[in-house]
Structures are given as structure tokens and as C-alpha cells.
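The primary structure of each chain is shown beneath.
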Amino acid sequence: MNKTTRAIAFATLVGATIIGATGCSVARNQQTVGSYVDDAGITTAVKAKFAEDKTVAATSISVETLKGTVQLSGFAKSQAEKDRAESLARSVKGVAAVRNSIVVRP
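Model, not experiment: these values are computed from the prediction. Counting starts from 1 at the beginning of each chain's written sequence and moves along it residue by residue. The predicted nature of this model means local features are confined to residues of pLDDT at least 70 and side-chain atom pairs, given and counted, to a pLDDT of 80 or more, with totals for whole chains, interfaces and linings taken over all residues. By convention in this description, side-chain values take in all heavy atoms of the structure and omit both hydrogens and water.

J.: Before we go on, may I ask you to explain the environment of Ala-48 in this structure?
T.: Here a strand is any run of E in DSSP of at least two residues, a helix any run of H or I of at least four, and the numbering for each starts at the N terminus. When you line up the elements, Ala-48 lands in helix α3 (residues 33-52). Looking at Ala-48, the relative accessible area reads 14%, which means it is buried. A sequence separation of 40 residues divides Ala-48 from Leu-88, and the C-alpha atoms of the two residues are 9.9 Å apart. A simple rule labels every residue: compare its accessible area, found with a 1.4 Å probe on the protein chains alone, to the largest value its type can have, and call it buried under 20%, exposed over 50%, or partly exposed in between.

What follows is the structure, given as C-alpha cells:
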């Protein structure tokens, strides 16, 4: 499987997971259905960028989005990987802010 196919498969998997959880967030009145769909798209796009970038371990970093703010958490092998993940997240259309809580763990 080539890199592009893996990225698409990963993004699809993340998208399916997000769609399965749609009711939870909207039911708690955290956001409207429209903004939830936008946030789900942002999360999927960020994870797809991680999957395409060979310097970021996409499976070690979690991405959550609420009202355009992306929350990154998990582990990175270096400060450079942590910074790259933040940079990739900021480059996604619709991202208002990024909170980078990734822990560098060699």
C-alpha cells in the first residue's frame, strides 16, 4: 500500500469514527450540528496531514477539534516532531487555534 492510499484509508477510518460519535457532543449542547461537522472535517484533515508526513507519528498523536480549536495530545519522539505536528494542524483550512499538549518522550 503506498503512502497516499494509507493516508486516505487512515482519514476514512478517522472520519467514520467521528461520525459514529456525532450524537454525544451535539447532545451535550457543546455546539451546533453544523459546527460539529466542520470540526469533524478539520480533525480528519489534520490526521490525514499527519499520515502523509513521514516526520510525524500519526498514531501517537490524538487530535480533537471544538469550535475550530484543535487540541493535540499524545507523544512525540522529539521537539521537532511536536513542532511539525502543530505546524501541520495550523495549515488546515478552518483552524482557528491550536493547543499543543504533545509530550516529548524519547
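J.: What is the right way to read the packing of aromatic side chains from this model?
T.: Aromatic ring pairs are described here by two measures, namely the spacing of the ring centres and the angle between the planes. Whether two aromatic rings pair depends on their centres lying within 6.5 Å, for rings of Phe, Tyr and Trp, where Trp uses its six-membered ring; planes under 30 degrees apart make the pair stacked, over 60 edge-to-face, and the rest tilted. This structure, assessed with the given rule, holds zero aromatic pairs. In this scheme, Lys NZ or Arg CZ marks a charge over a ring once it lies within 6 Å of the ring centre and within 35 degrees of the ring normal. Directly above the aromatic system of Phe-75 lies the positively charged group of Arg-105, at a separation of 3.9 Å from the ring centroid.

J.: Looking at this structure, how should I read the sheet that holds strand β3 (residues 97-104)?
T.: Picture the strands of a sheet paired through backbone hydrogen bonds; they go either parallel or antiparallel. Any two strands with at least two DSSP bridges between them are considered paired. Overall, mixed pairing links the three strands, which are arranged β1-β2-β3 in an open sheet. Edge strands, defined here as strands with exactly one partner in the open sheet, are β1 (61-66) and β3. The mean angle between the axes of side-by-side strands here comes to 10°, regardless of whether they run parallel or antiparallel. Two strands pair when backbone bridges link them, and β1 and strand β2 (residues 69-76) are joined in this way by six bridges, in the antiparallel orientation. Opposite Leu-66, over in β2, you have Thr-69 as the bridge partner. Throughout, an axis means a line fitted to C-alpha atoms (over the contacting stretch in the case of helices), and angles, computed between N-to-C directions, take values from 0 to 180 degrees.

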